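Analysis of the macromolecular model
These are the residues of each chain, in order.
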Amino acid sequence: MKGPEPGTKYWETPHGVKMRMPTASVPYYRIDFTVAGKRTLTSAGMDWKAAWQEATRADALVATSKGLGGKNSFTTMCEAWYSAREKRWSATHQKNVRYFLDKVWKPALGLRQVGDLRINDFEDVLDGLDSVSMSDKARNILSSLLGWAGKRQWLSLSRDDLLPDRRVDAVTGLRDVSEDEVPTEHEIELLFDALLTPRVYDSPHAPRYVPPAYLAYLPLVAAYVGLRQGECFALRGKDVQGDTLPVTKQVQIVNGKLADVPVKMNRPRIVLVPSNAVGGRVNLVEWLHERAEVVGENGLLFPTSSGKMWRATNYLRQSFTPARMQAWGSLKYTFHDLRHHAATYSLRKGVAPQDIQHQLGHSSVRTTLDVYVGKQTDESLSRIREKLSSPAS
C-alpha cells in the first residue's frame, strides 16, 4: 500500500470516513466522520499508516451505526453500558461517568475494536492522566464497564486480563509487585539506547520530528531515583544540588492549563541520585549537573522542544511509547513500572525499606513493605542466611 500522493487533501473510506492530510497549520493527520448525526474530527498523529488504520476502525464504527455489520467498537460498548445502567445511577454519578467516557476513554480508544484491546491499551491511558485521583476514578469507571461487558460476551478476554489492579487486591489489600511488572537492567539499557536513536515519522507530508536527546535520560531518573512522571517534568536546574534532588513540585493540569503544583499528598522530600546507571554507562549525577548548566537555574531539565512543560499524553505519544516499542517489541511496561525498578534496584543494593519509602514518596512504610518486600525470594533468603550465620560481634 502506497502513501497518499502529495497535494491530496484527504482519503475516503467506503462508508465516508475522511482521513485529512497534514497542512502547514495542522501538521498531522485527522480523521473526520459522522455517527448518528454527530460529527467527530480527531487527531491521528503523523504516521500515515497508523492514521489509515484509525480511519478503517472509524469506517467499521460508521458501518455498525448504519446496521451494515462490522465488529463492535469500544465506543459502541461504552454507549450500550451507559444506556443500560444510567437509570440506576444518581444524577451526580451519571455526570461523572459521562465525563470520563467522553473526555478520557472514548477519545483514546473509541475507534478500537473491543476484541483487539489489551491491558497495555488501558494502562497507557491511565498513565497519561495528570493526577492520581483522575487515574483512580478513570480506573474505577473502566472496571465497572468491563465487568458489565464481560457478563454480556462483549469481551474476548476477561476483565482481570484487561485491567488487573496492580496496587490493591480486593481480598488481601496491598500486594507485592510481580516480576513481570519490573523492567530488568538490560531492558532499561535497551530503552535508553532506543531513546538515543533518532526516529523519523513515516509520512510524506508531516515535518520530520526527532525527540531531543536529553529525553533519553528522563526515564533513567524514574528508573534509578524513583520519581513519578509529573515530578520528572517539574524538575528545574536549581533542583540539582550535589547528588540530591529536592522533590517539591509535579506537573498537573489545573483549570485546563499545565502548572507546577505540590507533590502527591503535599509531601516534599529530598532524594539521592545514584551516580552509576545503565550498568555504569551513565553517571547520572554528572549528567544532571551538565544539564542544569545548560538550562539555567529556572529552566526545566526535561522540557518540550519549544521549552515548555510536557503534557503527559504528548510525552508518552512522542517519546516513551515509540521507544519502548523499539526497545522491547511491545508495550510490556508502563512509565510507572520504572519506579518499580528503582525500588527493587535499591533493595538489591541493601537499602532499608524505610529509606526506600522516603525515596519513592510513599505515605507509609507499609506500602513499601507490602508492595515491594512482601514477596520472599531466593535472594532474600540468601541475605537472611548470610546475616544470621555471621559470628556475633
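We now turn to the structure provided with this report. (Residues numbered from 1 in each chain as written. Predicted model: local features only at pLDDT ≥ 70, side-chain atom pairs only at ≥ 80, totals over all residues. Heavy atoms only, no water.)

**As for the overall build of the chain**
- Scanning the chain from terminus to terminus reveals 15 helices and 12 strands.
- For the chain, the residues scored as buried account for 46% of the 393 residues in total.
- The long-range share in the chain, meaning contacts at least 24 apart out of those at least 6 apart in sequence, stands at 62%.
- Of the accessible surface of the chain, which amounts to about 20000 Å², a share of 51% is contributed by carbon and sulfur atoms. (Helix = DSSP H or I, 4+ residues; strand = E, 2+ residues; numbered from the N terminus. Buried < 20%, exposed > 50% of the residue type's maximum accessible area, 1.4 Å probe, protein only. Contact = heavy atoms within 4.5 Å. Areas by Shrake-Rupley, 256 points an atom, 1.4 Å probe, with all protein chains shown as cover.)

**Some points on helix H7 (residues 185–196)**
- Over its 12 residues, H7 runs 17 Å from end to end, which matches the ideal 16 Å to within 8%, given 1.5 Å per residue.
- Within H7 the residues assigned to the buried category are Glu187, Ile188, Leu191, Phe192, Ala194 and Leu195. The buried residues of H7 occupy an angular sector of 160° when projected down its axis, which confines them to one face.
- Against the buried residues of H7 lie helix H8 (218–225), strand S12 (282–283), helix H11 (312–328) and helix H12 (337–348). (Expected span 1.5 Å × (residues − 1). Arc of directions from axis to C-beta.)

**So, the nonpolar core**
- Residues Leu220, Tyr224 and Phe302 are the most contacted members of the largest nonpolar core, which totals 52 residues.
- Among the secondary structure elements, those contributing two or more residues to this core are H7, H8, helix H9 (229–234), strand S7 (244–247), helix H10 (284–295), H11 and H12.
- Dropping the residues within four chain positions of it, Tyr224 is found in contact with Glu185, Ile188, Pro274, Asn276, Ala277, Val278, Gly279, Leu284, His341, Ala342 and Tyr345.
- Tyr82, Phe100, Leu109 and Leu117 belong to the second-largest nonpolar core, a separate cluster that totals 28 residues. (Core = buried A, V, L, I, M, F, W, Y, C linked by side-chain atoms within 4.5 Å.)

**Structural notes on the packing of H7 against H11**
- One way to put it is that H7 packs onto H11 with a least axis distance of 8 Å and a crossing angle of 120°. On the basis of their axis angle, the class for H7 and H11 is oblique. As H7 runs across H11, the sense of the crossing is right-handed. From H7, Glu187, Leu190, Leu191, Ala194 and Leu195 reach across to H11, where they touch Ser319, Phe320, Ala323, Arg324, Gln326, Ala327 and Trp328.
- Across the contact of H7 with H11, the residue classes break down as eight nonpolar, two polar and two charged. (Axes fitted to C-alpha atoms, helices over the stretch in contact; angles between N-to-C directions. Parallel < 35°, antiparallel > 145°, perpendicular 65-115°, else oblique. Left-handed = near helix turned anticlockwise from the far one by under 90°. Nonpolar A, V, L, I, M, F, W, Y, C, P; charged D, E, K, R; others polar.)

**Some details on the pattern of salt bridges**
- Under the definition given, this model contains 11 salt bridges.
- A salt bridge links Glu79 to Lys106, with the nearest nitrogen and oxygen atoms 2.6 Å apart. With Glu79 in helix H2 (residues 74–85) and Lys106 in helix H3 (residues 91–109), the pair connects residues that are 27 residues apart, well separated along the chain.
- The exposure class assigned to Glu79 is partly exposed, which follows from its relative accessible area of 25%.
- Overall, Lys106 belongs to the buried group, its relative accessible area being 19%. (Salt bridge = Lys/Arg side-chain N within 4 Å of Asp/Glu carboxyl O.)

**Notes on H3**
- Under the 1.5 Å per step criterion, the end-to-end length of H3 is 25 Å for 19 residues, consistent within 8% with the ideal 27 Å.
- Leu101 marks where H3 bends most, by close to 40°. (Bend = angle between axes of the 7 residues up to and from the residue.)

**Regarding the side chain of Thr75**
- In this fold, Thr75 is placed in helix H2.
- Apart from residues no more than four positions distant in its own chain, Thr75 is found in contact with Lys106 and Gly110.

**Some words on the pairing of strand S4 (residues 38–43)**
- With six bridges joining them, strand S3 (residues 30–35) and S4 adopt antiparallel strand pairing. Within S4, the residue paired with Ile31 across the bridge is Thr42.
- Between S3 and S4, which pair antiparallel one after the other, the connecting turn spans two residues, and Ala36 there sits at a positive phi close to 55°. (Pairing = 2+ DSSP bridges.)

**So, the environment of Ala292**
- Looking at where Ala292 falls in the secondary structure, it is placed in helix H10.
- When the C-alpha positions of Ala292 and Gln241 are compared, they lie 9.8 Å apart, and in sequence the two are 51 residues distant.

**Describing the sheet that holds strand S2 (residues 18–20)**
- Taken together, four strands build an open sheet; the order of strands is S1-S2-S3-S4 and the sheet is antiparallel. Taken across any chain shown, the strands that pair with only one partner, and hence form the sheet edges, are strand S1 (10–12) and S4. Strand-to-strand, the axes of this sheet are offset by a mean angle of 20°, without reference to chain direction.
- With three bridges connecting them, S2 and S3 associate as antiparallel partners.

**Comments concerning unusual backbone geometry**
- Located in the positive-phi region is Val278, a residue other than glycine, with phi close to 55°.
- Relative to the assigned elements, Val278 resides in the loop between strand S11 (276–277) and S12.

**Let's talk about the environment of Val221**
- In this fold, Val221 is placed in helix H8.
- Spatially, the C-alpha atoms of Val221 and Val273 are 8.1 Å apart, while their sequence positions differ by 52 residues.

**Focus: the packing of aromatic side chains**
- For the structure shown, the criterion picks out 15 aromatic pairs.
- Ring plane angle 65° and centroid distance 5.7 Å describe the contact between Tyr82 and Trp89, whose orientation is recorded as edge-to-face.
- Accessibility expressed as a relative area gives 16% for Trp89, which makes it buried.
- Pairing Tyr224 with Tyr345 gives two aromatic rings, centres 5.2 Å apart and planes at 85°, and the pair type is edge-to-face. Of the two residues, Tyr224 sits in helix H8 while Tyr345 sits in helix H12, which places them 121 residues apart along the sequence.
- Relative accessible area serves as the criterion here: at 2%, Tyr224 is assigned to the buried category.
- Overall, the relative accessible area of 15% leaves Tyr345 in the buried class.
- Among the aromatic residues, those joined into a ring-pair cluster are Phe233, Trp310, Tyr315, Phe320 and Phe335.
- Taking NZ or CZ as reference, Lys18 lies 4.6 Å from the ring centre of Tyr10, over its face.
- Cation over ring: Arg98 sits above Tyr82, and NZ or CZ is 4.1 Å from the ring centre. (Phe/Tyr/Trp six-rings, centres within 6.5 Å; stacked < 30°, edge-to-face > 60°. Lys NZ or Arg CZ within 6 Å of the ring centre and 35° of its normal.)

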